[in-house]
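Coordinate inspection notes
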Amino acid sequence: MAEHVHVLRLGLSACLDREPDIQVVAALSHGEGLAAALAELRPAVAVIDIDLPGPAGSTGVAHLRELTAECSVVMLADRRDPVGVRRALAVDPLGLLSRQAPADVLMRVVRQVAVGRPVIDPELAGTARAVEENPLTPRELEVLRIAANGATTAEIAARLSLSVKTVRNHLSSAITRTAARNRIDAIRIASERAWL
């Protein structure tokens with residue numbers, strides 16, 4: 001392991017700052033500056049709380065996965081929140097830890113992840129299984145993701161090179177599969193259950 005593990009932390013206590021072999025290169029309280037910090041500082045490890053506002057939120061899981069592609073990620077989630085744990089796992093982190101874990105456990109996980117060793121808290125993995133399986137097809141998910149950004153049916157059709165009728169069929173099917181009242185409700189349900 002390098003002399004110092006360079007860590008970017010997003011939303012956790014300063015316990016990492018006190019370790020002689022861990023250098024916190026940035027500490028953010030909001031996901032807003034995450035992209036710039038990752039690009040500029042290139043930390044070895046990013047420690048991110050899934051429930052913070054910004055890219056770590058439920059609508060930004062895919063974006064967060066893209067942002068952190070160049071570093072190892074330790075996601076923190078609440079063990080009492082299966083949906084949050086599922087969202088954290090969707091980022092495909094090398095480490096997954098309960099935010100209630102003691103500071104010494106967090107430091108040990110950061111060190112292990114820094115050298116490429118995966119560490120997934122088994123209790124959190126069990127918590128994630130408590131969430132319903134996603135009933136939506138990949139195309140329905142794609143249509144809902146675009147709709148979630150405010151796109152009209154015609155705009156979705158143009159973006160995906162589909163007919164408007166086909167997009168309507170995918171939206172209708174997504175509404176049925178999620179037992180939603182309409183497309184807005186389907187987006188809400190899929191977001192809350194970490195399917196989007």
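Residues numbered from 1 in each chain as written. Predicted model: local features only at pLDDT ≥ 70, side-chain atom pairs only at ≥ 80, totals over all residues. Heavy atoms only, no water.

Quick look at helix 4 (residues 103–114) now. With 12 residues, helix 4 extends 17 Å from end C-alpha to end C-alpha; this agrees with the ideal 16 Å at 1.5 Å per step. Regarding helix 4, the residues found buried are Val-105, Leu-106, Met-107, Val-109, Val-110 and Val-113. Residue Gly-116 follows helix 4 closely and has a positive phi angle near 90°. (Helix = DSSP H or I, 4+ residues; strand = E, 2+ residues; numbered from the N terminus. Expected span 1.5 Å × (residues − 1). Buried < 20%, exposed > 50% of the residue type's maximum accessible area, 1.4 Å probe, protein only.)

With that settled, consider the packing of helix 7 (residues 153–160) against helix 8 (residues 164–177). Two numbers describe a pair of packed helices, the interaxial angle and the distance between the axes. Packing of helix 7 against helix 8 brings their axes to within 8 Å, and their N-to-C directions diverge by 110°. Comparing the axis directions of helix 7 and helix 8 gives the class roughly perpendicular. In this structure, helix 7 uses Thr-153, Ala-154, Ile-156 and Ala-157 to contact helix 8, whose residues at the interface are Val-164, Val-167, Arg-168 and Leu-171. When the residues that make up the contact of helix 7 with helix 8 are grouped by side-chain class, the tally is 6 nonpolar, 1 polar and 1 charged. (Axes fitted to C-alpha atoms, helices over the stretch in contact; angles between N-to-C directions. Parallel < 35°, antiparallel > 145°, perpendicular 65-115°, else oblique. Contact = heavy atoms within 4.5 Å. Nonpolar A, V, L, I, M, F, W, Y, C, P; charged D, E, K, R; others polar.)

Let us look at the packing of helix 6 (residues 138–148) against helix 7. The geometry of helix 6 relative to helix 7 is characterised by a closest axis approach of 10 Å and an angle of 125° between their N-to-C directions. As the angle between them shows, helix 6 and helix 7 are arranged oblique. Between helix 6 and helix 7 the crossing geometry is right-handed. Contact residues: helix 6 offers Arg-139, Glu-142, Val-143, Ile-146 and Ala-147, while helix 7 offers Ile-156, Arg-159 and Leu-160. Classifying every residue of the contact of helix 6 with helix 7 by side-chain character gives 5 nonpolar, no polar and 3 charged. (Left-handed = near helix turned anticlockwise from the far one by under 90°.)

With that settled, the discussion passes to the nonpolar core. One finds Leu-136, Leu-144 and Ile-156 to be the most contacted residues of the largest nonpolar core, which totals 21 residues. Put simply, the parts of the chain that give this core at least two residues each are helix 6, helix 7, helix 8 and helix 9 (183–192). The greatest single-element share of this core, amounting to 5 residues, is contributed by helix 6. Discounting chain neighbours no more than four positions away, the residues touching Ile-156 are Val-143, Ile-146, Ala-147, Ala-151, Val-167 and Arg-183. Cys-15, Ile-22, Val-47 and Leu-97 belong to the second largest nonpolar core, which has 17 residues in total. (Core = buried A, V, L, I, M, F, W, Y, C linked by side-chain atoms within 4.5 Å.)

Its place among the elements puts Val-74 in strand 4 (residues 72–77). Measuring from C-alpha to C-alpha, the distance between Val-74 and Leu-94 comes to 6.1 Å, with 20 residues separating the pair along the chain. Not counting chain neighbours up to four residues away, the residues in contact with Val-74 comprise Val-45, Ala-46, Val-47, Ile-48, Gly-95, Val-109 and Val-113.

Moving on, we get to unusual backbone geometry. Located in the positive-phi region is Asp-92, a residue other than glycine, with phi close to 60°. Relative to the elements of secondary structure, Asp-92 occurs in the loop between helix 3 (82–90) and strand 5 (95–98). Here Ser-161, not a glycine, exhibits a phi torsion of approximately 55°, which is positive.

The next subject is the pattern of salt bridges. Taken as a whole, this structure holds 9 salt bridges when the rule is applied. One salt bridge connects Glu-142 with Arg-139, and the closest N-O pair in it is separated by 2.9 Å. Placement of both Glu-142 and Arg-139 in helix 6 is noted, with a separation of 3 residues, approximately one turn of the helix. A residue is classified by how much of its surface remains accessible, and Arg-139, at 30% relative accessible area, is partly exposed. Of the charged contacts, one joins Arg-188 and Asp-185 as a salt bridge, the two residues approaching to 2.6 Å between their closest N and O atoms. With Arg-188 and Asp-185 both in helix 9 and 3 residues apart, this pair spans about one turn of that helix. Judged by relative accessible area, Arg-188 falls into the partly exposed class, the value being 38%. Residues participating in the shared-partner salt-bridge network are Asp-49, Asp-78, Arg-80 and Arg-99. (Salt bridge = Lys/Arg side-chain N within 4 Å of Asp/Glu carboxyl O.)

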